[in-house]
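Okay, here's what each chain looks like letter by letter:
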Amino acid sequence: MTPPPRSRLAGDAIMVGTSMLMGSSYPFAKEVLAVMSPLLYGASRYLVASLFLFAMMALTRRPLALPPRDRLSMVLLSLIGVAGFNACWGLAIARTPPGLGSILITSSTAFSAIIARLAGRRLPALGWLGIAVAFAGVVVVVNNSLARLTLSLDRIDGPLLWLGAALCWAVYVEGAAPYNLRLGALPVMAWCTLFGSLALLPMALWFDSLSEFGRLDTRLFGYWLYTGIFPVGVAFFGLTMGLERLGVSRVMIYMYLIPVAGVGLSAAFFDDPLTPARVLGGLIVLLGVVLTSVALDRAGRSRS
């Protein structure tokens, strides 16, 4: 079923803002990860995000209780989408350049399309073309050169972990879809974020120590708090509204905007130059997103 045009436009606007917030975590997280281990960073900021999401549930007067029959499902989803994703992300970021990781993480959109195809939802050829175009644009953005290849691959375990993180996210978003319809996307996201952060925290403390928080000065603590509340908490709240208005397939194409947003915000706040390659790559990403969006609209009209 195709959502009403006004709801779809609102959802598109929300997802653009959500992608910008998610992308903003890259430059700020880079600063924090210089003194804090990835697993502890991921577990702690997702715990902060879960508290924000529960606060939003209370403000919007959503029931806070989780039905007993759904508790095991939420735990399983959280192990995939939060604990699994963050474990892969944390281990991968220590093994590969962030630029290469930001390319590989966008493969979550392709994984989502494959999962949808296995479930009987076919993406038209134009949609696959859009995915390929957007991926190519991300490569141009991160490569940051129109004359030579600047990306390098020294070892295979890091890229495999990035692909694992992308697969975890795609499986989580697809797996949560029926629960979003029955319980609401916000309660599902809040409970999964809480359960996932609590599952990841013991693993983080096994390898790391809470004393790492003592390494954060006022500036870095602000960055840590920001990346917990905004790129995860507020962004996940926006993601729930996007899922309710657009559905899984359309929401996933906005994942391609995340590294573009990260590059743009790095240029704006961290003196990272905005080069012609990055501008061109960003425009290519937008073209890919538009092509995939058009394909999903056509597919929705043909089914209605």
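Just above sits the structure.
Note that the structure is a prediction, hence the values are computed from the model and not measured.

What counts as what
Residues numbered from 1 in each chain as written. Predicted model: local features only at pLDDT ≥ 70, side-chain atom pairs only at ≥ 80, totals over all residues. Heavy atoms only, no water. Phe/Tyr/Trp six-rings, centres within 6.5 Å; stacked < 30°, edge-to-face > 60°. Helix = DSSP H or I, 4+ residues; strand = E, 2+ residues; numbered from the N terminus. Buried < 20%, exposed > 50% of the residue type's maximum accessible area, 1.4 Å probe, protein only. Lys NZ or Arg CZ within 6 Å of the ring centre and 35° of its normal. Salt bridge = Lys/Arg side-chain N within 4 Å of Asp/Glu carboxyl O. Contact = heavy atoms within 4.5 Å. Core = buried A, V, L, I, M, F, W, Y, C linked by side-chain atoms within 4.5 Å. Axes fitted to C-alpha atoms, helices over the stretch in contact; angles between N-to-C directions. Parallel < 35°, antiparallel > 145°, perpendicular 65-115°, else oblique. Left-handed = near helix turned anticlockwise from the far one by under 90°. Nonpolar A, V, L, I, M, F, W, Y, C, P; charged D, E, K, R; others polar. Expected span 1.5 Å × (residues − 1). Bend = angle between axes of the 7 residues up to and from the residue.

## Quick look at the packing of aromatic side chains
In the structure shown here, the tally under the stated rule is twelve aromatic pairs. On the numbers, 5.9 Å between centres and 20° between planes, the contact of Trp169 with Phe236 is stacked. Separated by 67 residues along the polypeptide, Trp169 in helix α7 (residues 157-183) and Phe236 in helix α9 (residues 218-246) bring together distant segments of the chain. Phe236 shares its class with Trp169; the two are buried. Cluster of aromatic residues (ring-pair linked, three or more members): Tyr46, Phe85, Trp169, Tyr172 and Phe236. Its end group placed over the ring of Trp89, Arg45 keeps NZ or CZ at 5.8 Å from the ring centre.

## A closer look at the pattern of salt bridges
The tally for this structure, following the rule as stated, stands at three salt bridges. The salt bridge partner of Arg250 is Asp12, with a shortest N-O separation of 3.0 Å. Of the two residues, Arg250 sits in helix α10 (residues 248-252) while Asp12 sits in helix α1 (residues 5-32), which places them 238 residues apart along the sequence. A relative accessible area of 7% places Arg250 in the buried class. The salt bridge involving Arg182 is made with Asp70; its shortest N-O contact spans 2.6 Å. Of this pair, Arg182 sits in helix α7 while Asp70 sits in helix α3 (residues 68-93), and the two are 112 residues apart along the sequence. Using a relative accessible area of 39% as the deciding quantity, one classes Arg182 as partly exposed.

## Describing the environment of Leu66
Take Leu66: it is sitting in the loop between α2 (38-59) and α3. We classify Leu66 as buried; its relative accessible area is 8%. The spatial distance from the C-alpha of Leu66 to the C-alpha of Leu183 is 8.9 Å, given a sequence separation of 117 residues. In contact with Leu66, other than residues within four places in its own chain, are Arg71, Met74, Leu183, Trp191 and Phe195.

## Some points on the nonpolar core
Counting residues in hydrophobic clusters, the biggest one holds 70 residues, and the most contacted among them are Tyr41, Trp169, Tyr172, Phe236 and Leu239. Among the elements that line this core, the one with the most residues is α9, at ten residues. Excluding residues within four positions of it along the chain, Phe236 makes contact with Met22, Tyr46, Leu53, Trp169, Met189 and Thr193. Listed in part, the six residues of the second largest apolar core include Leu40, Ala43, Ala87 and Leu200.

## Structural notes on the environment of Ala165
Of note, Ala165 is situated in helix α7. If near-sequence neighbours (up to four positions away) are discounted, Ala165 is found in contact with Phe85, Cys88, Trp89 and Ile105.

## Side note on the packing of α7 against helix α8 (residues 185-207)
At their nearest, the axes of α7 and α8 sit 7 Å apart, and the two run at 130° to each other. Considering their axes alone, α7 and α8 lie oblique with respect to each other. For the pair α7 and α8, the crossing hand works out as right-handed. On α8, the residues touching Tyr172, Ala176, Tyr179, Asn180 and Leu183 of α7 are Ala185, Pro187, Val188, Met189 and Cys192. Residue composition of the contact of α7 with α8, grouped by class: nine nonpolar, one polar and no charged.

## Here's the deal with unusual backbone geometry
Although it is not a glycine, Arg61 sits at a positive phi angle of roughly 60°. Relative to the helices and strands, Arg61 resides in the loop between α2 and α3. Residue Arg61 is classed as exposed on the basis of its relative accessible area of 77%.

## Here's the deal with helix α6 (residues 125-143)
Helix length check: α6, at 19 residues, gives a terminal C-alpha distance of 27 Å against a target of 27 Å (1.5 Å per residue), a fit within 8%. Among all positions in α6, only Gly127, Gly130, Ile131, Val133, Ala134, Gly137, Val138, Val141, Val142 and Asn143 are buried.

## Here's the deal with α7
Taking 1.5 Å per residue as the helical rise, α7 with its 27 residues ought to reach 39 Å, and the 38 Å between its terminal C-alpha atoms agrees with that figure. A maximum bend of about 40° is found in α7 at Ala177, where proline Pro178 lies one to four positions downstream. With its phi angle positive at about 105°, Gly184 sits one or two positions after the end of α7.

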